[in-house]
Amino acid sequence: MKRRDLLKVSLALPAAGAASWAQAHHGWSSFDQDRPIYLEGRVVKSMWRNPHAELELEVSPTLKLPADLAQRALPAQSAPVDGKALLAKAVVPTRKDKRWEIELAPLTRMQAWNVAEIKAGAQVALLGFTFTGEKGEAILRVEYLFADGKVYGLRSSPA
């Protein structure tokens, strides 16, 4: 392969990768951080990779807030997060999607919290944010992960 052709290929590959990453990645400004959403269910797919770990979650059509949600203990994070206020304001989504795409934290942050890779079949609960007005795809960006009897704050590193 000629050097010119090699250069074309090497420039095209990162651009294609960036395009697929941009399509799948959403910044914080897309999410309604004034309306925390609670989900729980069974993991049907797990993608443990960067830019952040992702899950596909199957939720029950009869999803309800747990009675003790507002009283749950939350871990301290290095970023200022009023977790108690988020728990108190939590709601279940009004949309009735059976499956949700779940955006967790980058792998380095998941490792800082000592979160073991979540596998398909696992039961998890989540508190996070979806798009304003619950419009668009059924995507939840996770603030708190409840898994295996533990709680993880995913906005930042452990305090």
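The structure under discussion appears in the preceding block.
One structure accompanies this document, and this report is about it. (Residues numbered from 1 in each chain as written. Predicted model: local features only at pLDDT ≥ 70, side-chain atom pairs only at ≥ 80, totals over all residues. Heavy atoms only, no water.)

1. Here's the deal with the nonpolar core
Okay, so step 1: Membership of the largest hydrophobic core comes to 39 residues, with the highest contact counts inside it found for Leu39, Ile102, Leu104, Leu126, Leu145 and Leu154.
Okay, so step 2: At the level of secondary structure, the elements contributing two or more residues to this core comprise strand S1 (37-47), strand S2 (54-59), helix H2 (83-89), strand S3 (99-103), helix H3 (107-112), strand S4 (123-129) and strand S5 (139-147).
Okay, so step 3: Not counting the four nearest positions on each side in its chain, leucine 154 is found in contact with Gln77, Leu104, Ala105, Arg109, Met110, Trp113, Val142, Glu143 and Leu145. (Core = buried A, V, L, I, M, F, W, Y, C linked by side-chain atoms within 4.5 Å. Buried < 20%, exposed > 50% of the residue type's maximum accessible area, 1.4 Å probe, protein only. Helix = DSSP H or I, 4+ residues; strand = E, 2+ residues; numbered from the N terminus. Contact = heavy atoms within 4.5 Å.)

2. Quick word on the pairing of S4
Looking down a regular strand, the side chains alternate between one sheet face and the other.
Okay, so step 1: Judged by how many residues are buried, S4 sits mostly within the fold: six of seven residues are covered.
Okay, so step 2: Of the pairings in the sheet, the one linking S1 to S4 comprises six bridges and is antiparallel in character. If you follow isoleucine 37 over to S4, its bridge partner there is glycine 128.
Okay, so step 3: Inspection of the sheet shows S4 paired to S5 by six bridges, in the antiparallel sense. From the neighbouring strand, phenylalanine 129 faces S5, where its bridge partner is arginine 141. (Pairing = 2+ DSSP bridges.)

3. So, the environment of aspartate 148
Okay, so step 1: Examined against the element boundaries, aspartate 148 turns out to sit in the loop between S5 and strand S6 (150-153).
Okay, so step 2: Looking at aspartate 148, the relative accessible area reads 74%, which means it is exposed.
Okay, so step 3: Along the backbone, aspartate 148 and alanine 125 are 23 residues apart, and their C-alpha atoms lie at a distance of 9.8 Å.

4. Structural notes on the packing of aromatic side chains
Aromatic ring pairs: the centre-centre distance and the angle between the two ring planes describe each pair.
Okay, so step 1: Within the structure shown, the criterion is met by one aromatic pair.
Okay, so step 2: Between the aromatic rings of phenylalanine 31 and phenylalanine 131, the centroid separation amounts to 5.0 Å while the plane-to-plane angle is 20°, which identifies the pairing as stacked. Separated by 100 residues along the polypeptide, phenylalanine 31 in the loop between helix H1 (3-24) and S1 and phenylalanine 131 in the loop between S4 and S5 bring together distant segments of the chain.
Okay, so step 3: Taking the ring centre of tryptophan 100 as reference, the NZ or CZ of arginine 95 above it sits at 5.6 Å. (Phe/Tyr/Trp six-rings, centres within 6.5 Å; stacked < 30°, edge-to-face > 60°. Lys NZ or Arg CZ within 6 Å of the ring centre and 35° of its normal.)

5. With respect to the side chain of serine 156
Okay, so step 1: Within the secondary structure, serine 156 is located in the segment after S6.
Okay, so step 2: Among the polar contacts listed, one links the side chain of serine 156 to the backbone nitrogen of serine 78, at a separation of 3.2 Å.
Okay, so step 3: With residues up to four places along the chain from it excluded, the contact list for serine 156 reads Gln77, Ser78, Ala79, Arg109 and Trp113. (Polar contact = N/O pair within 3.5 Å; in protein donor to acceptor, adjacent residues only side chain to side chain.)

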